[in-house]
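A look at the structure
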Amino acid sequence: MDCAFDNLDAAGFLEIWQHFDADDNGYIEGKELDEFFRHMMKKLGPQEKVTEEKVQILKQRFMSAYDVTADGKLQIQELANMILREDENFLLIFRREAPLDNSVDFMKIWRKYDADSSGYISAQELKAFLKDLFLQHRKEVSSGKLEDYTDAMMKIFDKNKDGRLDLNDLSRILALEENFMLRFQLDACSQDERKRDFEKIFNHYDVSKTGALEGPEVDGFVKDMMELVRPSITGPELDKLRVLLLRHCDANMDGIIQRNELALCLGVKP
């Protein structure tokens, strides 16, 4: 990358991202993308005349190299790869060889770092998460840098600016894949199809393969079910809905949901 960005740190990167992601949808795309490359051209060659043709050539060259998803949009991670020095590109630690595709695994992380069970991740709790993540990736980080990274992550992902992260904010950080329940329409199928789909659903959330949903498995199921109705729920709302689901489905009141109990809840005949 050109020397124009050699001294760019995480805070400077954040300013660039927030400026060009004008509609705050998590991507730089369309006119935002053209504006970004026009800005880059001015930075990279301040003496050169900026023309639309040159902007498009620069855009094509960089997108072919850095648009790893080939969707014609820049994600925050892709932009970080483009313009941040390696030692400042802390966003790389969130790249996964296999994306997080199960809400059960997501809820395990949520429960672990929501240490005070408030239903939100505070800045201190986020710092603990980042510290563990650096250790997991065997990366050395000073306490000062850890503070900087925590502040930057809060600024990027705390969408309502209340100083804490909710379920939706953390799912964006962890790149949680599409809601698994969107693949099914239990109320629009024959009984045989409902049975088949139920088995897929139960096996997906029964991560421990015990034949029952418990702990974060119940959490993951509740989260995905409720987000079919409402795109984003908070941690406190999830806790209330979890209690309601257990009250409705947990016939023997043992705190877990057996396969047959969930089948009855979903109206699937044995």
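Residues numbered from 1 in each chain as written. Predicted model: local features only at pLDDT ≥ 70, side-chain atom pairs only at ≥ 80, totals over all residues. Heavy atoms only, no water.

To be explicit about the condition: UniProt positions are given in the numbering used here, feature names are shortened, and annotations may be inferred rather than shown by experiment.
For the chain, the name recorded in an unreviewed UniProt entry is Secretagogin, with Pleuronectes platessa as its organism. Taken verbatim from the UniProt record of the chain, the Subcellular location (unreviewed entry) comment is "Cytoplasm".

**Description of the overall build of the chain**
Rule in force here: Helix and strand labels come from DSSP, where a helix needs a run of H or I of at least four residues and a strand needs a run of E of at least two; each type is numbered from the N terminus. Between two residues, a contact is recorded if the distance between any of their heavy atoms is within 4.5 Å. Here, Shrake-Rupley sampling with a 1.4 Å probe gives the accessible areas, and only protein chains in the shown set may cover a residue.
Scanning the chain from terminus to terminus reveals 12 helices and 6 strands. At a minimum sequence separation of 6, the contacts of the chain that also span at least 24 residues come to 57%. Accessible surface, the chain: about 14,800 Å² in total, of which carbon and sulfur atoms supply 50%.

**A word on the packing of helix α5 (residues 103-113) against helix α11 (residues 235-249)**
Applied cut-off: Only the stretch in contact is used when a helix axis is fitted, and all axes are lines through C-alpha atoms; the angle between N-to-C directions ranges over 0 to 180 degrees. When an angle is under 35 degrees it counts as roughly parallel; over 145 it counts as roughly antiparallel; between 65 and 115 it counts as roughly perpendicular; any other value is oblique. Two helices that cross are described as forming a left-handed crossing if the nearer one is turned anticlockwise from the farther one by less than a right angle, and a right-handed crossing if clockwise.
Two elements in contact, α5 and α11, have axes whose closest approach is 13 Å; the angle formed by their N-to-C orientations is 110 degrees. By the angle between their axes, α5 is roughly perpendicular relative to α11. Where α5 crosses over α11, the two elements pack in a sense that is left-handed. Here α5 contributes Met107, Trp110 and Arg111 to the contact with α11, which in turn contributes Gly235, Leu238, Asp239 and Arg242.

**Quick notes on the UniProt feature "domain: EF-hand" (unreviewed entry) in the chain**
Following the UniProt record, the feature "domain: EF-hand" (unreviewed entry) maps to residues 8-43, 101-136, 145-180 and 193-228 here. Helix makes up 56% of residues 145-180 and strand 6%, with an end-to-end C-alpha separation of 36 Å. Secondary structure across residues 193-228 comprises 67% helix and 6% strand; the distance between its end C-alpha atoms is 20 Å.

**Description of α11**
Going by this rule: Helix span is expected to be 1.5 Å times the residue number reduced by one. Each residue gets one of three labels from its accessible area relative to the maximum for its type: buried under 20%, exposed over 50%, partly exposed in between, using a 1.4 Å probe on protein chains only. By construction, the arc corresponds to the directions joining the helix axis to the C-beta atoms.
Its 15 residues give α11 an end-to-end C-alpha distance of 21 Å, which sits within 8% of 21 Å, the value for a rise of 1.5 Å per residue. Listed as buried for α11 are Gly235, Leu238, Leu241, Arg242, Leu245, Leu246 and Cys249. Buried residues of α11 fall within an arc of 140 degrees about the axis and therefore sit on the same side. The exposed residues of α11 that point more than 90 degrees off its buried face are Lys240, Arg247 and His248. Those residues of α11 that are buried lie in contact with α5, α8 (167-173), α10 (216-226), β6 (257-258) and α12 (259-265).

**Things to note about the side chain of lysine 59**
Here lysine 59 lies in helix α3 (residues 52-66). Lysine 59 gets classed as buried once you look at its relative accessible area, which sits at 18%.

**Thoughts on empty space enclosed by the protein**
Short version of the rule: Points on a 1 Å grid, built from protein atoms alone, make a cavity when a 1.4 Å probe fits but cannot get out and make a pocket when they are open with protein on both sides within 12 Å along at least 5 of 7 lines; residues with an atom within 4 Å of a point are the lining residues. Grid points are joined across faces, edges and corners, and a volume is the space filled by probe spheres set on the points. Gly counts as polar in this scheme, as do all residues outside two lists: the nonpolar Ala, Val, Leu, Ile, Met, Phe, Trp, Tyr, Cys and Pro, and the charged Asp, Glu, Lys and Arg.
As enumerated under the stated definition, the model contains 1 cavity of 30 Å³ or more in all. If you add up the space inside the largest cavity, you get close to 30 Å³. Around the largest cavity, the lining residues are Asp101, Asn102, Ser103, Leu176, Glu177, Glu178, Asn179, Phe180, His204 and Asp224. Among the residues making up the lining of the largest cavity, the classes are represented as 2 nonpolar, 4 polar and 4 charged.

**Some remarks on a nonpolar patch on the surface**
What counts, and what does not: Only residues whose relative accessible area exceeds 30% and that form no salt bridge are eligible for patches; like-charged ones are grouped when within 9 Å, while nonpolar side chains (Val, Leu, Ile, Met, Phe, Trp, Tyr) are grouped when within 5 Å. Criterion for a salt bridge: a side-chain nitrogen of Lys or Arg within 4 Å of a carboxyl oxygen of Asp or Glu.
Where nonpolar side chains cluster on the molecular surface, the patch consists of Leu182, Leu228 and Val229 and spans about 300 Å² of accessible area. Looking at the element boundaries, valine 229 is found in the loop between α10 and α11.

**Observations concerning the state of the cysteines**
Rules: Disulfide assignment relies on a single distance test, namely cysteine sulfur atoms paired within 2.5 Å.
Throughout the structure, instances matching the rule amount to 1 disulfide. Across a sulfur-sulfur distance of 1.6 Å, cysteine 249 and cysteine 265 are joined as a disulfide pair. On the S-S bond that ties cysteine 249 to cysteine 265, the torsion sits near -130 degrees, and the link is left-handed. Here the residue cysteine 249 occupies a position in helix α11, and cysteine 265 occupies one in helix α12, the gap between them amounting to 16 residues. Overall, the relative accessible area of 23% leaves cysteine 265 in the partly exposed class.

**A short note on the nonpolar core**
Put simply, the test is: Nine residue types can take part in a nonpolar core, namely buried Ala, Val, Leu, Ile, Met, Phe, Trp, Tyr and Cys, and a core is a set of them joined through side-chain atoms within 4.5 Å.
With 71 residues, the main nonpolar core has Phe36, Phe37, Leu79, Met82, Leu126, Phe129 and Phe221 as its most contacted residues. Here phenylalanine 37 is in contact with Val55, Leu58, Lys59, Phe62, Met63 and Met82, once residues within four sequence places are set aside.

**Comments concerning the pattern of salt bridges**
Following the criterion strictly, the structure yields 12 salt bridges and no others. Residue aspartate 197 pairs with arginine 196 through a salt bridge whose shortest N-O separation is 3.4 Å. You can call aspartate 197 buried: its relative accessible area is 6%. In this structure, lysine 223 engages glutamate 227 in a salt bridge whose closest nitrogen and oxygen atoms are separated by 3.1 Å. By relative accessible area, which is 3% here, lysine 223 ends up buried. Judged by relative accessible area, glutamate 227 falls into the buried class, the value being 18%. Linked by salt bridges that have partners in common, Arg111, Asp219, Asp239 and Arg242 make up one network.

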